[in-house]
Amino acid sequence: MTRVPFDGIAMGCDYNPEQWPRSVWREDVALMREAGVGFVTLGVFSWALLQPAPDRWDFGWFDEVVELLHEGGIAIDMATATASPPPWLTAAHPEMLPVDADGHTVWPGSRQSWCPSSPVFRSHALALAEQMAFRYGDHPAVRLWHVSNELGCHNGRCWCDVSAAAFRRWLADRYGSVEKLNDAWGTAFWSQRYGSFEQVLPPRRTGAVPNPTQSLDFARFSSDELLSYYCAERDVIRAHSDVPVTTNLMVTLHQDQQDNHRWARELDLVANDHYLDARLPEPRAELDFAADLTRGVARREPWLLMETATSAVNWQPVNVAKRPGELLLDALTHVARGADGIAFFQWLASRAGAEKFHSALVPHAGPDSARFREVAALGAALARLAPVAGAPVDARVALLFDWECWWACEAPSLPTGELRYTDAAHRWHAAFTALGLTVDVVHPSADLDRYAVVVVPTLYLCSDADAAGIAAAAARGAQVLVTYFSGITDADDHVRLGGYPGAFRDLLGVRAEEFAPLLPGHTVRLDDGSTADLWTEVLEATDAAVLARYVDGPVAGAPALTRRGSAWYVATRLDAGATAALASRVAAAAGIAAAAVPAGVTLTRRGRHAFVLNRGAGPARVDVHGTDLLTGAPFRGVVPAGSAAVVEEEG
Ligand code: GLA
């Protein structure tokens, strides 16, 4: 992968000058310099103004902005401007609008109203991408290309007839014959057997539960379809420009999005958008997780945070503002976990439009504001971190995460509708992180040789090859911790017979004959004093030591926690204390006990740099020695509450 092409650890932002009169553009650039903005993402939603009519281009105003930025020394992440088609295009070609599973058209009037399979959309968008690449492909300010924007956000799946035909072509490629499709989809069930590919539809609204493998394949297809669109734009750009190409992924923002592991192979560098979600119980634990997952998607190479917010967003039920100090700590969390640049949506808070209450670098109050001063302080702080750029993050714990599994294990008609794929992943990630350990969140097929601990949370759908890789890690001596509802189905989402957890029965030395999920609000007690909820199963330890059993609930007396050599099985959702205790026990078995850090403090190492972030209530004393890059002075071993140190360690 290419290195992030901006200087040091740059601060950036989306810049949407078309929302403002020309008279402020020059001031914008001057103020950007004052804030420490090193690059801007330009043109994301500019299509309607760059091409006001089918046969009319207007690049004059855009050229002016590009030159102002260039003169100001601000680099450009150049969008292809294709994210949102202009009204003249959708009016002329309503057949390019997406259609939902009920057959309703998704109308223009917002953004991204286009079907990923639409040839009309594609030809117009590629024509624009070509204009952009031709005009700006070798402009010295342009350091990165930004294809479309958050591909899959709003229009990730489309059920229209054009998409149906594309789905059939994708299926014919995947299966070769309709017989193979019938086998993979298990169509003997409910009289679904197909006589030809022409009879197949995308999973539109059905009366009863749709075929799960059909739904899974539709998710795979939808991801591939948008990826092929990305590649088409990328290839148009490459014909005119040697500048690296990427797009902004959303690795944790939406479930019905792309398979980011697959996408990353086509990107010159991985860029991600992340927004804190106040609806989650622990939004900042999710921030840690998202950054570690982005690094996993980037196959441990440095990546770019393409969008986040300086304070509140506008799209949650309650849009929580960041408190003083949080902006710095949140940004440093990404840098500590591999980001080589931090960018925000957007430069000026909009006056009009759907996002007028979204925070920005310059708020409605203007630059004479606490928020702008905090932004400028962040710009200055990031500038001091240049020595960190390019450094790797070293993790000894891997946590396996797979979008295909996510799609499959939140389908209807599973043993419980209460289970969320990311739930176990978040809990176990947080537990190991709280021990002061760094966790790589990687695909199950990743090379696991470097890890002392491999966590396998709810890997419901698991291919034979991935199961073999996990077993090989345990055979090599890694501690492998598998949780409930793992190894249940194969890559076609067919149940592995002979007892659960099929793919891991031998590795774990356990066998379950039946699941016994718990009703919401029900908890069970274990004989080690802990409690659990959500899930239990009729488990037998065939070749494993039993570490804890249920004392009540539907399977009282059955094993809840087992161990066979270095393979651990946790057959239920443990309470927080028991989760923490088990993580600590597994880490100790792996011999990777971390340096103790006080509660609320994270210590992450990136190359020679220790990032100490103190979100706790009091000062934190940590045993780290060297120079604090943020102050330029020797680190005195204490980080005040709400503050951070980035210590270049000695030796
Ligand atoms: C996404 C989009 C931006 C903006 C932000 C708001 O990340 O890419 O254009 O809408 O959300 O949070």
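Residues numbered from 1 in each chain as written. Predicted model: local features only at pLDDT ≥ 70, side-chain atom pairs only at ≥ 80, totals over all residues. Heavy atoms only, no water.

Time to look at the sheet that holds strand 21 (residues 573–574). The 3 strands are arranged 15-16-21 in an open sheet whose pairing can be described as antiparallel. Looking at strand neighbours, the two that pair on one side only are strand 15 (523–525) and strand 21, the edges of this open sheet. (Pairing = 2+ DSSP bridges. Helix = DSSP H or I, 4+ residues; strand = E, 2+ residues; numbered from the N terminus.)

Further remarks concern the domain arrangement of the protein. Each domain of the protein was delimited in the assignment, giving domain 1 (270–391), domain 2 (397–590) and domain 3 (601–649). Each of domain 2 and domain 3 has a C-alpha centre, and these two points are 34 Å apart. (Domains from an automatic or database assignment.)

Working note: a packed helix pair is described by the angle between its axes plus the distance between those axes. Orientation of helix 1 (residues 25–35) relative to helix 3 (residues 60–71), taken along the N-to-C sense of each, is 30°, at an axis distance of 10 Å. Of the possible angle classes, the one that applies to helix 1 and helix 3 is roughly parallel. The way helix 1 lies across helix 3 gives a crossing that is right-handed. Between helix 1 and helix 3, the residues in contact are Trp25, Arg26, Val29 and Met32 and Trp61, Glu64, Val65, Leu68, Leu69 and Glu71, respectively. Residues that form the contact of helix 1 with helix 3 fall into these classes: 7 nonpolar, no polar and 3 charged. (Axes fitted to C-alpha atoms, helices over the stretch in contact; angles between N-to-C directions. Parallel < 35°, antiparallel > 145°, perpendicular 65-115°, else oblique. Left-handed = near helix turned anticlockwise from the far one by under 90°. Contact = heavy atoms within 4.5 Å. Nonpolar A, V, L, I, M, F, W, Y, C, P; charged D, E, K, R; others polar.)

This structure, assessed with the given rule, holds 36 salt bridges. Put simply, Glu266 and Arg234 hold a salt bridge, and the shortest N to O gap is 2.8 Å. Of this pair, Glu266 sits in the loop between helix 9 (260–264) and strand 7 (271–273) while Arg234 sits in helix 8 (residues 212–238), and the two are 32 residues apart along the sequence. Judged by its relative accessible area of 28%, Glu266 falls in the partly exposed class. Look at Arg234 and you get buried, because its relative accessible area is 9%. Close ionic contact of Asp330 with Lys322 constitutes a salt bridge, the shortest N to O distance being 2.7 Å. Among the residues examined, Asp330 registers a relative accessible area of 4% and is labelled buried. Judged by its relative accessible area of 8%, Lys322 is buried. When salt bridges that share partners are traced, they join Asp288, Asp292, Arg295, Arg300, Arg337 and Asp440 into one network. (Salt bridge = Lys/Arg side-chain N within 4 Å of Asp/Glu carboxyl O. Buried < 20%, exposed > 50% of the residue type's maximum accessible area, 1.4 Å probe, protein only.)

Note on placement: Gln51 falls in the loop between helix 2 (47–50) and helix 3. Look past the residues within four positions of Gln51 in its chain and what remains in contact with it is Arg56, Trp57 and Trp88.

Moving on to unusual backbone geometry. In this structure, the amide linkage connecting Phe345 to the following residue, Gln346, adopts the cis form with an omega of 0°. The linkage connecting Tyr500 with the following residue, Pro501, adopts the cis geometry, with an omega of -10°. The phi torsion at Ala81 lies on the positive side, around 70°, for a residue other than glycine. Residue placement: Ala81 occurs in the loop between strand 3 (75–79) and helix 4 (87–92). Among the residues examined, Ala81 registers a relative accessible area of 1% and is labelled buried. Although it is not a glycine, Asp493 sits at a positive phi angle of roughly 65°. Among the secondary structure elements, Asp493 is positioned in the loop between strand 13 (479–483) and helix 16 (505–508). Looking at Asp493, the relative accessible area reads 12%, which means it is buried.

Now for helix 11 (residues 326–336). Most of helix 11 is tucked away: 10 of the 11 residues are buried. Of the residues making up helix 11, those classed as buried are Glu326, Leu327, Leu329, Asp330, Ala331, Leu332, Thr333, His334, Val335 and Ala336.

Quick look at the sheet that holds strand 2 (residues 37–42) now. The strand order 5-4-3-2-1-9-8-7-6 describes an open sheet built from 9 strands, whose pairing is parallel. Strands with a single pairing partner mark the edges of an open sheet, and in this sheet they are strand 5 (245–246) and strand 6 (248–249). Where strand 7 and strand 8 (residues 303–307) come together, 3 bridges link them in parallel fashion. Residue pairing in the sheet places Asn272 in a bridge with Leu305 of strand 8. Packed on one face of the sheet, helix 3 meets strand 1 (10–15), strand 2 and strand 3 and runs near 165° to strand 2. Strand contacts of helix 12 (residues 370–383): strand 1 and strand 9 (339–344), with the helix running at about 135° to strand 1, the strand carrying the most contacts.

Quick look at the site of the ligand now. Taken together, Phe45, Arg111, Asn149, Glu150, Asp273, Tyr275, Glu307, Trp315, Phe345, Glu355 and His358 are the residues near the ligand. Asn149 places a side-chain nitrogen or oxygen 2.7 Å from an oxygen atom of the ligand. (Near = heavy atom within 4 Å. Polar contact = N/O pair within 3.5 Å; in protein donor to acceptor, adjacent residues only side chain to side chain.)

So, on to the layout of surface pockets. Reported here for the largest pocket is a volume of approximately 1,200 Å³. Those elements giving two or more residues to the lining of the largest pocket turn out to be helix 10 (283–297), helix 14 (421–434), helix 17 (576–590) and strand 22 (601–606). Broken down by element, the residue count for the lining of the largest pocket peaks at 9 residues, all from helix 14. Of the residues that constitute the lining of the largest pocket, the class distribution is 20 nonpolar, 11 polar and 10 charged. (1 Å grid on protein atoms, 1.4 Å probe; cavity = no way out; pocket = protein on both sides within 12 Å on 5 of 7 lines; lining within 4 Å. Points joined across faces, edges and corners; volume = space filled by probe spheres on them.)

On to the environment of Ala644, then. Mapped onto the fold, Ala644 is located in strand 28 (residues 643–649). A C-alpha to C-alpha distance of 29 Å links Ala644 and Asp77, two positions 567 residues apart in sequence. When residues no more than four places from it in sequence are discounted, the contact partners of Ala644 are Leu329, Leu332, Val612, Leu613, Asp628, Leu630 and Val639.

Okay, the packing of aromatic side chains next. The geometry of an aromatic ring pair is captured by two quantities: the separation of the ring centres and the angle between the planes. Counted under the stated rule, the structure contains 34 aromatic pairs. Ring geometry for Trp159 and Phe218: centres 5.4 Å apart, planes at 45°, overall tilted. Separated by 59 residues along the polypeptide, Trp159 in the loop between strand 4 (142–146) and helix 6 (161–175) and Phe218 in helix 8 bring together distant segments of the chain. A residue is classified by how much of its surface remains accessible, and Phe218, at 2% relative accessible area, is buried. An aromatic cluster is present here, built from Trp159, Phe167, Trp170, Trp185, Tyr194, Phe218 and Phe221 joined pairwise through their rings. (Phe/Tyr/Trp six-rings, centres within 6.5 Å; stacked < 30°, edge-to-face > 60°.)

One recurring pattern in soluble globular proteins is that nonpolar side chains are buried together. Residues Trp347, Leu385, Trp428 and Phe432 are the most contacted members of the largest nonpolar core, which totals 168 residues. With 8 residues, the single largest contributor to this core is helix 8. If we ignore the near neighbours within four places in the chain, the residues touching Leu385 are Ile9, Leu332, Val335, Phe611, Leu629, Leu630 and Val646. Core analysis: the second largest hydrophobic core is formed by 16 residues, Ala101, Trp185, Tyr194 and Phe218 among them. (Core = buried A, V, L, I, M, F, W, Y, C linked by side-chain atoms within 4.5 Å.)

Looking now at the pairing of strand 1. Taking burial as the measure, the 6 residues of strand 1 include 6 buried ones, the bulk of the element. Going residue by residue along strand 1, you find Ala10, Gly12 and Asp14 tucked away on one face and Met11, Cys13 and Tyr15 tucked away on the opposite face as well. Two elements, strand 1 and strand 9, share 4 bridges in a ladder whose sense is parallel. When the bridges of strand 9 are listed, Cys13 appears paired with Phe344. As for the winding sense of the linkage, the β-α-β connection from strand 1 through helix 1 to strand 2 is right-handed. (Right-handed = clockwise from strand over helix to strand, strands pointing away.)

The topology assignment puts Thr213 in helix 8. On the accessibility criterion, Thr213 (3% relative accessible area) is buried. Excluding its chain neighbours within four sequence positions, the residues that come into contact with Thr213 are Ala184, Trp185, Asp492, Asp493 and His494.

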